[in-house]
Amino acid sequence: MRTEEIARLVRHAMDARLHAYAPYSHFPVGAAALTLDGRIFTGCNVENASYPAGLCAERNAVGSAVAAGVTEFRAIAVCGSLSEYTTPCGLCRQFLAEFRVPLVICARSEEDYIIMTEEELLPRAFGGDAGKEKA
Ligand code: THU
């Protein structure tokens, strides 16, 4: 991906982060998923008084794309802490593996990020019957 494309995706993630609903953890996270056809879908974490019911930013971003009928992705950007790189939790790694999201950009700012590949994110991901060829 070009540097400008990454910066744009990260900007969307940072904007979505501003809408995070995180009254329990006080850890706002934003994500922006870039689809194969060039659209960007965003998500933020949405927590709940019943803690496990909370949703992560990545899953909300991918869920929005799927709701719009898009299931093919080029990348997803994630922005949580501005001082550390926020990497997806285990559950989100499995969720992203389902859609074969090839690149995860974990950003502290538009210019400062690390990029994880699908394989780095979740090596030998479980894919059920449909994902046997992945192993
Ligand atoms: N969280 C995300 O939304 N994405 C991540 O990549 C890491 C964690 C959320 C879950 C919870 O609302 C808060 O951050 C603290 O864990």
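About the cut-offs
Residues numbered from 1 in each chain as written. Predicted model: local features only at pLDDT ≥ 70, side-chain atom pairs only at ≥ 80, totals over all residues. Heavy atoms only, no water. Helix = DSSP H or I, 4+ residues; strand = E, 2+ residues; numbered from the N terminus. Rg over C-alpha atoms; globule rule 2.2 N^0.38 Å. Expected span 1.5 Å × (residues − 1). Buried < 20%, exposed > 50% of the residue type's maximum accessible area, 1.4 Å probe, protein only. Contact = heavy atoms within 4.5 Å. Core = buried A, V, L, I, M, F, W, Y, C linked by side-chain atoms within 4.5 Å.

(A) Seen up close, the overall build of the chain. Check the secondary structure of the chain and you find 4 helices and 5 strands. Going from the N terminus to the C terminus, the chain shows its helices and strands as α-β-β-α-β-α-β-β-α. Computed over its C-alpha atoms, the radius of gyration of the chain comes to 14 Å, within 12% of the 14 Å expected for a compact globule of 135 residues. Oriented by its inertia axes, the alpha-carbon framework of the chain measures out at about 40 × 40 × 30 Å.

(B) Region of interest: helix 1 (residues 3-17). Relative to the 21 Å expected for 15 residues at 1.5 Å per residue, helix 1 spans 21 Å between its end C-alpha atoms, a close match to the ideal helical length. Listed as buried for helix 1 are Ile 6, Ala 7, Leu 9, Val 10, Ala 13, Ala 16 and Arg 17. Of the surrounding elements, those touching the buried residues of helix 1 are strand 1 (30-35), strand 2 (40-44), strand 3 (73-79), strand 4 (103-107) and strand 5 (113-117).

(C) Structural context of unusual backbone geometry. Even without glycine at this site, Arg 100 takes up a positive phi of about 55 degrees. Relative to the helices and strands, Arg 100 is located in the loop between helix 3 (90-98) and strand 4. A residue is classified by how much of its surface remains accessible, and Arg 100, at 39% relative accessible area, is partly exposed. Positioned with a positive phi, Arg 124 is a non-glycine residue whose angle comes to about 50 degrees. Relative to the elements of secondary structure, Arg 124 occurs in the segment after helix 4 (118-121).

(D) Quick look at the environment of Thr 42. With respect to the element layout, Thr 42 can be found in strand 2. Between the C-alpha atom of Thr 42 and that of Leu 9, which follows or precedes it by 33 residues, the distance is 9.3 Å. Apart from residues lying up to four places away in sequence, Thr 42 is in contact with His 12, Ala 16, Ala 31, Ala 32, Asn 60, Ala 61 and Ser 64.

(E) Examining the nonpolar core more closely. Counting residues in hydrophobic clusters, the biggest one holds 18 residues, and the most contacted among them are Phe 73, Ile 76, Leu 96 and Val 104. Among the secondary structure elements, those contributing two or more residues to this core are strand 1, helix 2 (57-67), strand 3 and strand 4. If one sorts the elements of this core by residue count, helix 2 sits on top with 4 residues. Ignoring any residue separated from it by four or fewer positions in sequence, one finds Phe 73 in contact with Ala 33, Leu 34, Thr 35, Leu 36, Val 62, Ala 65, Phe 99, Val 101 and Pro 102. Formed by 11 residues, the second largest nonpolar core is a distinct cluster that contains Val 10, Ala 32, Ala 75 and Ala 107.

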